[in-house]
Structure formats: C-alpha cells, structure tokens
Amino acid sequence: MPTTAAADASTRMRLPAQCWLTDMDGVLVREEHALPGAAEFLARLTEKDRPFLVLTNNSIFTPRDLAARLSRSGLSVPEEAIWTSALATAAFLDDQLSGGSAYVIGEAGLTTALHEIGYTLTDTEPDFVVLGETRTYSFEAITKAVRLIGDGARFIATNPDVTGPSAQGPLPATGSVAAMITKATGREPYFVGKPNPMMFRSALNRIAAHSETTVMVGDRMDTDVVAGIEAGLDTILVLTGSTTEADITSYPFRPGRVLPSIAEAIELI
C-alpha cells in the first residue's frame, strides 16, 4: 500500500500500466545482492509479457556486462532489456549528427555504444567531446578534452552524478570531472542521463512504449522520480535505496506511489 506521504499522488487516475522502467541500484540490487522481491518482480514482468527496461546512469559497462552482474545476483535480465546512460548518449548523438566523430573519455560501455551507431573515435577535430564514467581519469586525457572543446568541439556528458559508490567509499564521478573541464573552458556540458527526461524518452522509443501507460520505479527523488514526472510517466519511489520517507517532504513534487520495496510493486503488474 502507498504510504501517507504519497497518498494524495497515488490516487491520480492513469491508464493501466503496460510497460515498466526500473532503476537498477537501490531498486533491484544493492552491493551485488538482489533486493527482496526483485527476482519475483522480473519474473512477473516476463510472465505477463510486459515490455520493460532496467535503467542505470552507469556508463562504464555494456549491457552484456550488466546482465552478467545481475545474473550473479540471481536476477535474470536479458542484455537487450538494459538501458544505460551510454546507450542514451549514443542515441542522442546519432539524432544530433549521424555518423559523426567524438573524443571520448570513458570505458567500454560508452565506446562500444558509440561504435555501434557508426561514430568515429578520434582526437583530431572531433565533432564532440564525450565524457563518461571511468576509474582511470588521466590528466593528459582531461587536458586534451579541454583543448578540443576550446577549439570548438561540443561538450557532452553521460550523467551528472558527482560521486559513485565503491567498497572503500565514494569516488569522483562524471559530474565532478565535468565541473573541472567546465571551469577550464567556460563550457557547460549537456548531460544526457538521469535526471534528464531524455534518457526516459529514448528508453520509451527503445521498447515502443507510450508515456501514459508506462511506470518508472526508482529509489531517488532527485533523479528517477523527477525525470519520470517530466517525461510524463507514472512513478513509484521505493525505500530500499538512498531516499527515506522523511526525505520526500523536502521536494516540491511527489511520486505517484511510495512503496517499501519492489516486492510491493509485483501486484501492480
């Protein structure tokens, strides 16, 4: 049942849900372990033949890598049902300039996505500088990005997250490195990933879904819920991630429902 904090929002009349988008970390898994109800939720989607995508701002890994990670956690998600900020960035660039070129700071998830849309990766007069997540940021690569942007390359970043998780504690993430490049160039990047609703719109296109019949399940108000609202989706906030029920009142918007975990969403499929 929805909690009191979202009782007013949960009573909105919407069309029955036909398609589902769900965040990964904090909703389906936490620190490589499946959260309660996640396996049953995914199984129900398959049983009911509901189109769905698992979304993540992580641009390091390819969908195949992430499918393997989920499988190790006991969750069965085909790689074609995973939508990353790298894939969303590639879709955006393909729409902006088909067959273009880019200087990329990032790992296999991003470079593979750009290769698959026919982009040339180069450090010579690229159309775009594309910044993604990586564990090996180098001063040389950042300096090259600064100079290319100064020479006219357009600045794109996969997602605005300033830190990422690790077993040892938070790590600097894409948003932090983007801020450093912005300080050096005076150019703000265009962030494609959450909370940009464009990531959700590209996901809807991927599964031929309509916003009026699609639900987004997330664990963060400032990314999953706000982007879902702006994309016209119904939204569910689960309390198994970074947002507590007490946090909700600090935001000027509300999710459609607030549920303790993904387990309580199974009956809605």
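What counts and how
- Residues numbered from 1 in each chain as written.
- Predicted model: local features only at pLDDT ≥ 70, side-chain atom pairs only at ≥ 80, totals over all residues.
- Heavy atoms only, no water.
- UniProt positions renumbered as here; feature names shortened; annotations may be inferred.
- Domains from an automatic or database assignment.
- Contact = heavy atoms within 4.5 Å.
- Buried area = accessible area lost by both parts, 1.4 Å probe.
- Salt bridge = Lys/Arg side-chain N within 4 Å of Asp/Glu carboxyl O.
- Polar contact = N/O pair within 3.5 Å; in protein donor to acceptor, adjacent residues only side chain to side chain.
- Nonpolar A, V, L, I, M, F, W, Y, C, P; charged D, E, K, R; others polar.
- Buried < 20%, exposed > 50% of the residue type's maximum accessible area, 1.4 Å probe, protein only.
- Helix = DSSP H or I, 4+ residues; strand = E, 2+ residues; numbered from the N terminus.
- Pairing = 2+ DSSP bridges.
- Right-handed = clockwise from strand over helix to strand, strands pointing away.
- Axes fitted to C-alpha atoms, helices over the stretch in contact; angles between N-to-C directions.

- The protein appears in an unreviewed UniProt entry as HAD family hydrolase from Mycolicibacterium cosmeticum.
- In UniProt, the protein has this text filed under Sequence similarities (unreviewed entry): "Belongs to the HAD-like hydrolase superfamily."

Things to note about the domain arrangement of the protein
And step 1. Domain boundaries in the protein define domain 1 (19–57 + 195–268) and domain 2 (97–191).
And step 2. Each of domain 1 and domain 2 has a C-alpha centre, and these two points are 27 Å apart.
And step 3. Counting from both sides, the interface comprises 5 residues of domain 1 and, opposite them, 5 residues of domain 2.
And step 4. Summed over both sides, the interface of domain 1 with domain 2 buries roughly 390 Å², with 38% coming from carbon and sulfur.
And step 5. Per-residue buried area on domain 1 facing domain 2 is highest for Asn57, Pro195 and Asn196; these three make up 78% of the total on that side.
And step 6. Joining domain 1 to domain 2, the criterion identifies 0 salt bridges.
And step 7. Summed over the shared surface of domain 1 and domain 2, the number is 3 residue pairs in polar contact (both at pLDDT 80 or more).
And step 8. Its residues placed into classes, the side of domain 1 that touches domain 2 shows 2 nonpolar, 2 polar and 1 charged.

Thoughts on the pairing of strand 14 (residues 234–238)
And step 1. Of all the 5 residues making up strand 14, 5 are buried; the element is thus mostly covered by neighbouring parts of the structure.
And step 2. Relative to strand 14, strand 13 (residues 214–218) runs parallel, the two being bridged by 4 bridges. Within strand 14, the residue paired with Val215 across the bridge is Asp234.
And step 3. Each parallel crossover has a hand, and the one from strand 13 via helix 9 (residues 221–230) to strand 14 is right-handed.
And step 4. Direction of pairing for strand 14 relative to strand 15 (residues 257–259): parallel, over a ladder of 3 bridges. Bridge pairing links Ile236 to Arg257 in strand 15.

Regarding the sheet that holds strand 9 (residues 154–157)
The strands making up a sheet associate through hydrogen bonds between their backbones, and the pairing can be parallel or antiparallel.
And step 1. Strand order in the open sheet formed by 5 strands is 7-6-8-9-12, and the pairing between neighbours is parallel. Two strands bound the open sheet, and with one partner strand each, they are strand 7 (120–121) and strand 12 (190–191).
And step 2. Two elements, strand 8 (residues 128–131) and strand 9, share 4 bridges in a ladder whose sense is parallel. Residue Leu131 lies in a different strand from strand 9, and its bridge partner there is Ala157.
And step 3. This element, helix 6 (residues 139–150), spans strand 6 (101–105), strand 8 and strand 9 of the sheet and lies at about 145° to strand 6.

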